[in-house]
Amino acid sequence: MVRVIMGVKGTGKTKQMIELINAAAKSEAGSVVCIEHGSKLTYDIHYQIRLIEAKEYNLKNFDMLKGFVSGLHAGNYDISSVFIESLTKIVGVDPENETVEQFLDWLNDFGEKNGIKFTVTISADASLASEGVRKYF
């Protein structure tokens, strides 16, 4: 239950993400969470969205992000959607790194097991994405 929005800077990823987040706030009964890199979404998304600035938690790798996502779920079983803005910037890895694909697979398994939809943006040329990442487009 993972969806990836991938494109270079200026292709409308953030605008699309804001629309999806606000639509989820209106239509979903569960909690909606947005993890962002930088504080650029504060005034664009619905006030009921749990907005988390990832820099405050110093998430240095995907293992730390896995623990963070797991902790969010452990603290609130009512989460229905999680949006992650600028995934590779949050953990500081190259978008073409194989760990991106491994994390997305983990996220998909976690989401299916717990009934959570994940939407992720990655700032990179979509044509460079591996097959493992493309399956989430």
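In the block above lies the structure referred to throughout.
What counts and how
Residues numbered from 1 in each chain as written. Predicted model: local features only at pLDDT ≥ 70, side-chain atom pairs only at ≥ 80, totals over all residues. Heavy atoms only, no water. Helix = DSSP H or I, 4+ residues; strand = E, 2+ residues; numbered from the N terminus. Rg over C-alpha atoms; globule rule 2.2 N^0.38 Å. Buried < 20%, exposed > 50% of the residue type's maximum accessible area, 1.4 Å probe, protein only. Contact = heavy atoms within 4.5 Å. Areas by Shrake-Rupley, 256 points an atom, 1.4 Å probe, with all protein chains shown as cover. Lys, Arg positive; Asp, Glu negative; His and termini not counted. Charge placed at Lys NZ, Arg CZ, Asp CG, Glu CD. Pairing = 2+ DSSP bridges. Axes fitted to C-alpha atoms, helices over the stretch in contact; angles between N-to-C directions. Core = buried A, V, L, I, M, F, W, Y, C linked by side-chain atoms within 4.5 Å. Expected span 1.5 Å × (residues − 1). Arc of directions from axis to C-beta.

1. Details of the overall build of the chain
Argument step 1. Within the chain, the secondary structure is distributed over five helices and five strands.
Argument step 2. Along the chain direction, N to C, the helices and strands of the chain fall in the order β-α-β-β-α-β-α-α-β-α.
Argument step 3. A compact globule built from 137 residues should have a C-alpha radius of gyration of about 14 Å, and the chain, at 14 Å, falls within 12% of that.
Argument step 4. Looking at the 137 residues of the chain, the share that counts as buried comes to 46%.
Argument step 5. Long-range pairs, those at least 24 residues apart, make up 68% of the contacts in the chain between residues at least 6 apart in sequence.
Argument step 6. As displayed, the chain offers around 7,200 Å² of accessible surface, 48% of which is attributable to carbon and sulfur atoms.
Argument step 7. Charge separation in the chain, taken as the distance between the mean sites of 15 positive and 18 negative side-chain charges, equals 4 Å.

2. Some thoughts on the sheet that holds strand 4 (residues 79-84)
Argument step 1. Read across the sheet, five strands follow the order 1-5-4-2-3 without closing on themselves; strand pairing throughout is parallel. Looking at which strands have only one partner, the edges of the open sheet turn out to be strand 1 (2-7) and strand 3 (50-53). Put simply, the sheet's adjacent strands are angled 15 degrees from each other on average, direction ignored.
Argument step 2. The pairing of strand 4 with strand 5 (residues 117-123) spans four bridges and is parallel. Residue pairing across strands places Ser-81 opposite Lys-117, the latter belonging to strand 5.
Argument step 3. Packing against the sheet, helix 2 (residues 62-75) makes contact with strand 2 (31-36), strand 3, strand 4 and strand 5, and its axis sits at approximately 155 degrees to strand 2.

3. Focus on the nonpolar core
Argument step 1. Ranked by internal contacts, the top residues of the largest apolar core, which has 32 residues, are Ile-35, Leu-65, Leu-87 and Leu-104.
Argument step 2. Elements supplying a minimum of two residues to this core: strand 1, strand 2, helix 2, strand 4, helix 3 (87-91), helix 4 (98-114) and strand 5.
Argument step 3. Discounting chain neighbours no more than four positions away, the residues touching Ile-35 are Ile-52, Ala-54, Phe-68, Val-69, Leu-72, Val-82, Phe-83, Ile-84, Glu-85 and Ile-90.

4. Considerations on the side chain of Thr-119
Argument step 1. Mapped onto the elements, Thr-119 comes out in strand 5.
Argument step 2. The contacts of Thr-119, once residues within four sequence positions are left out, are Arg-3, Ile-5, Met-17, Leu-20, Val-82, Phe-83 and Ile-84.

5. A short note on helix 1 (residues 13-27)
Argument step 1. The terminal C-alpha atoms of helix 1 lie 21 Å apart, and with 15 residues this matches the ideal 21 Å at 1.5 Å per residue to within 8%.
Argument step 2. Inspection of helix 1 places Lys-13, Met-17, Ile-18, Ile-21, Asn-22, Ala-24 and Ala-25 among the buried residues, and these make up the whole buried set. One side of helix 1 carries all its buried residues, which in axial view fall inside an arc of 155 degrees. Exposed residues lying more than 90 degrees from the buried face of helix 1 are Lys-15, Lys-26 and Ser-27.
Argument step 3. Buried residues belonging to helix 1 abut strand 1, strand 2, strand 4 and strand 5.

These values are about where atoms sit, not about what they do.
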